[in-house]
Each structure stands twice: as structure tokens, then as C-alpha cells.
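Coordinate inspection notes
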Amino acid sequence: MKKFFQIFLTFFVTSGAYADQPKNWQLGFQEAVTETMRDIVNFHDNLLLPIIIAISIFVLFLMVYVCIRFRASRNPNPSKTTHNVAVEVMWTLIPVLILLVMAVPSFKILYKQDSIPKADVTVKAIGYQWYWGYEYPDENIIFDSYMIEDKDLKENQPRLLAVDNEIVVPVNKVVKVLITANDVLHAWAVPSLGVKRDAVPGRINETWFKAEKVGTYYGQCSELCGIKHAFMPITVRVVSEEDYQIWLSEAKIKFANEIIVEKEYKQLASK
Ligand SMILES: [Cu+2]
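Each residue is numbered by its place in its chain's sequence as written, counting from 1. The model is predicted, so local features are restricted to residues of pLDDT at least 70 and side-chain atom pairs to those at 80 or more, both for listing and for counting; the totals for chains, interfaces and linings are taken over all residues. With hydrogens and water set aside, each side-chain value is computed from the structure's full complement of heavy atoms.

Let's shift gears to the pairing of strand β2 (residues 121-128). Accessibility here uses a 1.4 Å probe with only protein chains present; expressed as a share of the type maximum, an area under 20% marks a residue as buried, one over 50% as exposed, and anything in between as partly exposed. Helix and strand labels come from DSSP, where a helix needs a run of H or I of at least four residues and a strand needs a run of E of at least two; each type is numbered from the N terminus. Where burial is concerned, most of β2 is hidden: eight out of the eight residues are buried. Residues of β2 alternate between two faces, with Val121, Val123, Ala125 and Gly127 on one and Thr122, Lys124, Ile126 and Tyr128 on the opposite face, all of them buried. Alignment of β2 against strand β6 (residues 175-181), held across seven bridges, turns out to be parallel. Directly across from Ala125, in β6, lies its bridge partner Ile179. Pairing between strands requires that DSSP locate at least two bridges from one strand to the other.

Next comes the structure, spelled out in C-alpha cells:
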């Protein structure tokens, strides 16, 4: 009964409105904060789910009907029918039509995710066994992002999701994410942002998001990548433009990409 109430409550209570992460007894998706994710949720809730429910009920009805109507006690001499052209054409054509109805909006969303608008901020995510590395190529920033161990968690930091160095991006700006890996396949995924892309060694995948709400959003590596696959979470902090500029100026000192700095230093020294 307690569980039931918890499930019931999750429908009405949006806890931590400005941080999205999985909740206990959650049903459905995390809160969408990008247009892409809203499209995905819409597609799932208003088209896929009704179709799936209708098909399940229909098949269940057919099975119950057949069990009762054609039971052995009522049919001592069973029919020898093996073919029925009309029925066979129907059970081929109707599923094809259903798939077509689903394919059109599905491809629309896929193409929208694929065409990247002009980027305001570019972030590169690199999957390692087992943590994420981030680069801001235009800002000369590079850092690693490790999960915080249970014993070191502070208040409000969700277990298995919080990281030491979060990536920070401005709100309402197009963020292009370049995704790659250094060792094995990983995948960079943040449900609230509607983003999931494989991180493949030796090639760069790209995607984008435009977060519409300030907050902290959590994701996880979504490609089975080894023993600590479950311990390389992703934390994206979406902040206002001013806060982003403040973070940038601090990060440029804290996370300066040493290789470039060193090179520049040598160039200066040789002059
Ligand atoms: Cu991984």
C-alpha cells in the first residue's frame, strides 16, 4: 500500500523542480527541458503508448475469445482449416500501416536532432574507463569528471549520479556536444535534455541541446563499457548567462589546458 501511494504521489509531486534525476517509484520520463525531449515524450505518450495499449488489449481479447469459443468440449470435431487469404493479407497490411504511422513522426524527431543549429557553446565529451573527460575547445578548458563516492556525498547530491566536476552550460543557448571515447564504446546520455549518443573510439559523434531551464540534470553512460559502467555518471549544470561567464573565468584558471598553454609559453620564450 505504501508503494502504491508513493507511485501515486509521483504523479502530483514534482520534487526538486530545478534538478532532474530519477526518482523512487518513478513512472514515465524525467522532466523535459529541451524541445527535443518534449517531442520525444509527446511521441511516446500520445502515439506509441495508445497504439501499444490498443494492440495488447486486442490480442488479449482474441486469445480469451479463442480459448472460450473454440474449447475442446464445445468442438469435438475440430475444423481442418489451415489458410485464409483475407485474414493473412490483413495481418500483414495492418501492422505495416501501424509501422508507417509511427515512422513518420519518429523520423521527424530524429532529423531534428541530427541537424545542429549554429552553436553558441561547444563541449567535447570523452568517455574513459570509467569516467568522463570534458573539453571546451573554444575556451582552452579541459577537465575530468569523476563520480562522487557514497562516503563523500554532500546533501542534495544524488548517489551514483553526482560528479566532482560538472559541465556547466548557459541556459537558452545552443550547446553542441562532440562525443568520442578513448578506450571502448561508451554513450553520453542525459534524459532531461533528450540527448543520447554513442561515444566511439576513433570517431566523433555530435549532437546538440538547448536547455530552457536553469538546473542540474543527471545522466549516465548508456553503453555497457566494463566493470564500472554504472559508475561514470554525467552531471550537466545549466546556469544563467552571467553565472556561465563567472564559471568560465574561474574554470579557465582552474582547468587550463596545459598543453596549449605550454606551447604558447614556448612560443613566447623563443621570440
Ligand atoms: Cu561507459
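Once that is clear, we can look at the coordination of the copper ion. Taken together, His186 (ND1), Cys221 (SG), Cys225 (SG) and Met232 (SD) make up the full set of protein donors to the copper ion, lying 2.0 to 2.6 Å away. As a rule, N, O and S atoms within 2.8 Å of a metal are its donors, except that Na, K and Ca use 3.2 Å; water is not among the atoms, so sites may look incomplete. Along the chain, the residues donating to the copper ion fall in the pattern H-x34-C-x3-C-x6-M. You can call Cys225 buried: its relative accessible area is 5%.

What follows covers the sheet that holds β2. Taken together, the five strands give an open sheet; going across it, the order is β4-β3-β2-β6-β9, and neighbouring strands pair in mixed fashion. Looking at strand neighbours, the two that pair on one side only are β4 (141-145) and β9 (205-209), the edges of this open sheet. In this sheet, neighbouring strand axes are inclined to one another by 25° on average, regardless of whether the strands run parallel or antiparallel. Note that β2 and strand β3 (residues 131-136) share five bridges and pair antiparallel. Looking at the pairing, Gly127 lines up with Trp132 of β3. Here, residues are in contact when the closest pair of their heavy atoms is within 4.5 Å. Whenever a helix is involved, its axis is fitted only over the stretch in contact; in every case the axis is a line through C-alpha atoms, and angles between N-to-C directions fall within 0 to 180 degrees. Helix α4 (residues 241-254) contacts β2, β3 and β4 of the sheet and is inclined by roughly 90° relative to β4.

This part takes up a nonpolar patch on the surface. Each patch is built from salt-bridge-free residues with over 30% relative accessible area, joining like charges within 9 Å and nonpolar side chains (Val, Leu, Ile, Met, Phe, Trp, Tyr) within 5 Å. Surface exposure here means Shrake-Rupley accessible area, sampled with a 1.4 Å probe, where a residue is shielded only by the protein chains that are shown. The rule for a salt bridge is simple: a side-chain nitrogen of Lys or Arg has to be within 4 Å of a carboxyl oxygen of Asp or Glu. A contiguous nonpolar surface patch, about 860 Å² in accessible area, is contributed by Ile55, Phe58, Val59, Phe61, Leu62, Met63, Tyr65, Val66 and Phe70. If you trace the backbone, Phe61 turns up in helix α2 (residues 35-69).

Attention now goes to α2. Expected span of a helix, by definition, is 1.5 Å for each gap between consecutive residues, and there is one gap fewer than residues. In this model, α2 (35 residues) spans 49 Å end to end at C-alpha, consistent with the 51 Å of a helix rising 1.5 Å per residue. Its axis deflected by about 35° at Leu48, α2 carries its strongest bend there, up to four residues before the proline Pro50. Within the sequence span of α2, burial applies to Thr36, Met37, Val41, Phe43 and Ile51. Turning to α2, the residues buried within the fold contact α3 (85-114). What the bend at a residue measures is the angle between two axes, fitted to the seven residues ending there and to the seven starting there.

Mapping Leu160 onto the fold places it in the loop between β4 and β5 (167-170). C-alpha of Leu160 to C-alpha of Ile148: the two residues are twelve residues apart in sequence and 7.3 Å apart in space. Once you skip the residues sitting within four places of it in the chain, Leu160 turns out to touch Met147, Gln220, Phe231 and Pro233.

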